[in-house]
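Observations on the three-dimensional arrangement
One letter stands for each residue in the lines below.
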Amino acid sequence: DNTALIQKMNADTAGSLGTQVREQFENTADKMRMVGSVLLQPDATNSGVKERVIREFFIKDKDFLALFVNKHETADAAPVIAHKAVSEEMNNIDDKDAEKALATILADKDMSLSQVSKGDVQLAGIKLADGSPALALAVPLVEGANGVFTYTMTALLRQQKFVKAFGESDVIISFMVD
């Protein structure tokens with residue numbers, strides 16, 4: 001029966017693509033946590049190493065535009081930006097210090113950094129200062145003694161980071177069944 005075969009192929013394709021996107025998100029979160037660990041290091045201990053690592057990070061992964069380490073005093077209090085790293089690319093977007101993007105992220109009703117401090121991951125689509133689309137991804141970073149995350153991490157990413165999975169996949173063939 002062709003209908004059952006096509007349905008099975010579509011389910012397999014969706015499962016494969018879902019796995020690819022999940023791996024992409026996991027890799028992105030791992031990179032965020034690595035950079036977050038670097039940003040949390042005291043400045044006096046590394047004599048310029050932190051800046052070199054951050055610069056190399058943005059050179060190697062052009063889809064990252066900015067990273068923010070958020071400090072949470074309590075789960076319900078508004079977070080304070082403890083550290084940030086901004087890609088040179090933000091100069092081309094008319095937001096060299098990423099403050100416009102950060103304001104957009106914090107004002108987005110779909111993004112709740114207080115939920116991130118409770119262990120959730122948050123994802124929201126935003127528009128950058130130049131009108132181009134981007135993603136804001138927030139993940140827990142450092143867990144406090146009471147189970148609340150005292151530091152979280154927010155990344156500003158080009159949507160292309162995840163759109164690539166759909167466009168470059170050789171399994172994106174689906175069939176309609178009438």
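Placed above this text is the structure.
These remarks concern the structure in this document.

Cut-off values and rules
One numbering rule holds for all chains: residues counted from 1, following each sequence as written. It should be noted that, the model being predicted, local features are given only for residues of pLDDT at least 70 and side-chain atom pairs only at 80 or more, the latter also being counted only at that level, while totals for whole chains, interfaces and linings use all residues. Hydrogens and water molecules were not included; the side-chain quantities draw on all heavy atoms of the structure. Axes here refer to lines fitted to C-alpha atoms; in helices the fit is confined to the stretch in contact. Angles between the N-to-C directions go from 0 to 180 degrees. Strands are runs of DSSP state E lasting at least 2 residues, helices are runs of H or I lasting at least 4, and numbering of each runs from the N terminus. By definition in this entry, angles of less than 35 degrees are roughly parallel, angles greater than 145 are roughly antiparallel, angles of 65 to 115 are roughly perpendicular, and the rest are oblique. By convention, the crossing between two helices is left-handed when the near helix turns anticlockwise from the far helix through less than a right angle, and right-handed when the turn is clockwise. Note on contacts: a residue pair is in contact if any heavy atoms of the two residues lie within 4.5 Å. Side-chain atoms within 4.5 Å are what join buried Ala, Val, Leu, Ile, Met, Phe, Trp, Tyr and Cys residues into a set we call a nonpolar core. Exposed residues in this analysis have more than 50% of their type's maximum accessible area, buried residues have under 20%, and partly exposed residues fall in between, with area computed by a 1.4 Å probe over protein chains only. One bridge is not enough; two strands pair if DSSP finds at least two bridges between them. Classification of ring pairs rests on two measures: the distance between centres of Phe, Tyr or Trp rings, Trp counted by its six-membered ring, which must be within 6.5 Å, and the angle between planes, read as stacked under 30 degrees, edge-to-face over 60 and tilted in between.

Next up on the list: the packing of helix α1 (residues 2-39) against helix α2 (residues 49-60). Here α1 crosses α2 at 160°, and the two axes come no closer than 10 Å. In terms of orientation, α1 lies roughly antiparallel with respect to α2. The handedness of the crossing between α1 and α2 is left-handed. Residues K31, M34, V35, V38 and L39 of α1 touch α2, and the partners they reach there are K50, V53, I54 and F57.

The next subject is the nonpolar core. By size, the foremost hydrophobic cluster in this structure holds 20 residues, and its most contacted members are M32, L39, I54, F58, F64, L67 and M153. When contributions to this core are tallied by element, the ones reaching two or more residues are α1, α2, β1 (64-71), β4 (133-143) and β5 (149-158). With five residues, the top contributor of residues to this core is α1. Counting 19 residues, the second largest nonpolar core, distinct from the first, contains M90, L113, V116 and I126.

Here the focus is the pairing of β5. The buried fraction of β5 amounts to eight of the 10 residues, a majority that puts the element mostly inside the structure. Pairing between β1 and β5: seven bridges, direction antiparallel. Opposite F64, over in β5, you have L157 as the bridge partner. In this sheet, β5 lies alongside β4 in antiparallel orientation, the contact comprising nine bridges. Within β5, the residue paired with A138 across the bridge is T154. Connecting β4 to the next strand, β5, in antiparallel fashion are five residues, including G147 with a positive phi near 90°.

The final tally for this structure, using the stated rule, is two aromatic pairs. For the ring pair F57 and F58, a centre distance of 5.5 Å and an interplane angle of 70° mean the geometry is edge-to-face. A relative accessible area of 7% places F58 in the buried class. An aromatic cluster of at least three residues, connected via ring pairs, comprises F57, F58 and F64.

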